[in-house]
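If you want the building blocks of each chain, they are given just below.
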Amino acid sequence: MPLPGEEWDALVVLSWHKYGHTLHVYSREPNPPQHQETIVASTEQDTIHIFRTLNNTARVFKNAVSKQVVALERRPGGAQFADLRDLVSGVRGEVVYENGDPDYGIWSAGIAIGLIKDIPTCEFY
């Protein structure tokens with residue numbers, strides 16, 4: 001649960017059932033519906049590693065920006081963080097959660113994203 005005064009952009013819950021488990025993303029503001037729908041439509045193959053050449057690997061959602069980062073890392077001579085800074089800036093990633101455009105910036109996503117199949121509503125007690 002978030003601490004007092006904090007909010008989650010989305011709540012991802014692992015539910016255990018008699019016959020297995022499921023992952024859900026629950027609808028909550030301020031996470032835009034477009035972003036939630038992107039998560040539900042994703043598979044485990046919709047993630048990519050960035051920063052491998054910098055020895056600081058991170059798994060993120062595979063979008064236009066993350067593909068550009070990988071392309072810059074793979075170019076002859078590689079890339080320094082300064083070359084990638086504008087693409088991976090937290091400012092750009094924050095906009096993803098504000099406007100729902102999954103291609104605007106980098107956002108973390110693990111392979112478990114492929115297990116999320118619905119967007120139920122939720123209430124906190």
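Every chain is numbered independently, its residues counted from 1 as its sequence is written. Given that the model is predicted, a residue must reach a pLDDT of at least 70 before its local features are reported, and side-chain atom pairs must reach 80 or more before they are shown or counted; all residues, however, enter totals for whole chains, interfaces and linings. Hydrogens and waters are ignored; side-chain quantities use all the structure's heavy atoms.

### Things to note about the overall build of the protein chain
Only DSSP runs of H or I reaching four residues or more are called helices, and only runs of E reaching two or more are called strands; each is numbered from the N terminus. Regarding its fold elements, the protein chain presents four helices and four strands. The linear arrangement of helices and strands in the protein chain, starting from the amino end, is β-β-α-β-β-α-α-α. By the convention used here, residues are in contact when the closest approach between their heavy atoms is within 4.5 Å. Restricting the contact set of the protein chain to residue pairs at least 6 apart, pairs at least 24 apart contribute 48%. Total accessible area on the protein chain is roughly 8,000 Å²; 53% of this is exposed by carbon and sulfur atoms. For the area figures, the Shrake-Rupley method with a 1.4 Å probe applies, and any residue is considered shielded solely by the protein chains shown.

### With respect to the confidence of the model for the protein chain
Looking at the protein chain as a whole, its pLDDT mean stands at 80, while 73% of the residues score no less than 70. The quantity known as pLDDT measures the predictor's confidence residue by residue, on a range of 0 to 100. Low confidence marks residues 1-19, where pLDDT is under 50. Its contacts with residues over four positions away, or in another chain, come to 36 contacts.

### Quick look at the nonpolar core
Counting 13 residues, the largest nonpolar core has Ile-50, Val-69, Leu-84, Leu-87, Val-88 and Ile-106 as its most contacted members. At the level of elements, strand 3 (47-50), helix 2 (64-74) and helix 3 (81-88) are the ones that each hand at least two residues to this core. Take this core: its biggest share by element is four residues, from helix 2. In this structure, Leu-87 is in contact with Val-65, Gln-68, Val-69, Leu-72, Arg-92 and Ile-106, ignoring residues within four places of it in sequence. What we call a nonpolar core is a set of buried Ala, Val, Leu, Ile, Met, Phe, Trp, Tyr and Cys residues that are connected through their side-chain atoms within 4.5 Å. Summary of the burial criterion: residues with accessible area below 20% of their type's maximum are buried, those above 50% are exposed, and those between are partly exposed, where the area comes from a 1.4 Å probe applied to protein chains only.

### A short note on the packing of helix 2 against helix 3
For helices, the fitted line uses only the C-alpha atoms of the stretch in contact; every axis is such a line through C-alpha atoms, and the angle between N-to-C directions lies from 0 to 180 degrees. Running from amino to carboxyl end, helix 2 crosses helix 3 at an angle of 175°, the nearest separation of the two axes being 10 Å. By the angle between their axes, helix 2 is roughly antiparallel relative to helix 3. Two secondary-structure elements touch here, helix 2 through Val-65, Gln-68, Val-69, Leu-72 and Glu-73 and helix 3 through Asp-83, Leu-84, Leu-87 and Val-88. The residue classification treats Ala, Val, Leu, Ile, Met, Phe, Trp, Tyr, Cys and Pro as nonpolar and Asp, Glu, Lys and Arg as charged. All others, Gly included, are polar. Classifying every residue of the contact of helix 2 with helix 3 by side-chain character gives six nonpolar, one polar and two charged. Angular relationships are summarised with four words: roughly parallel below 35 degrees, roughly antiparallel beyond 145, roughly perpendicular across 65 to 115, and oblique for the angles in between.

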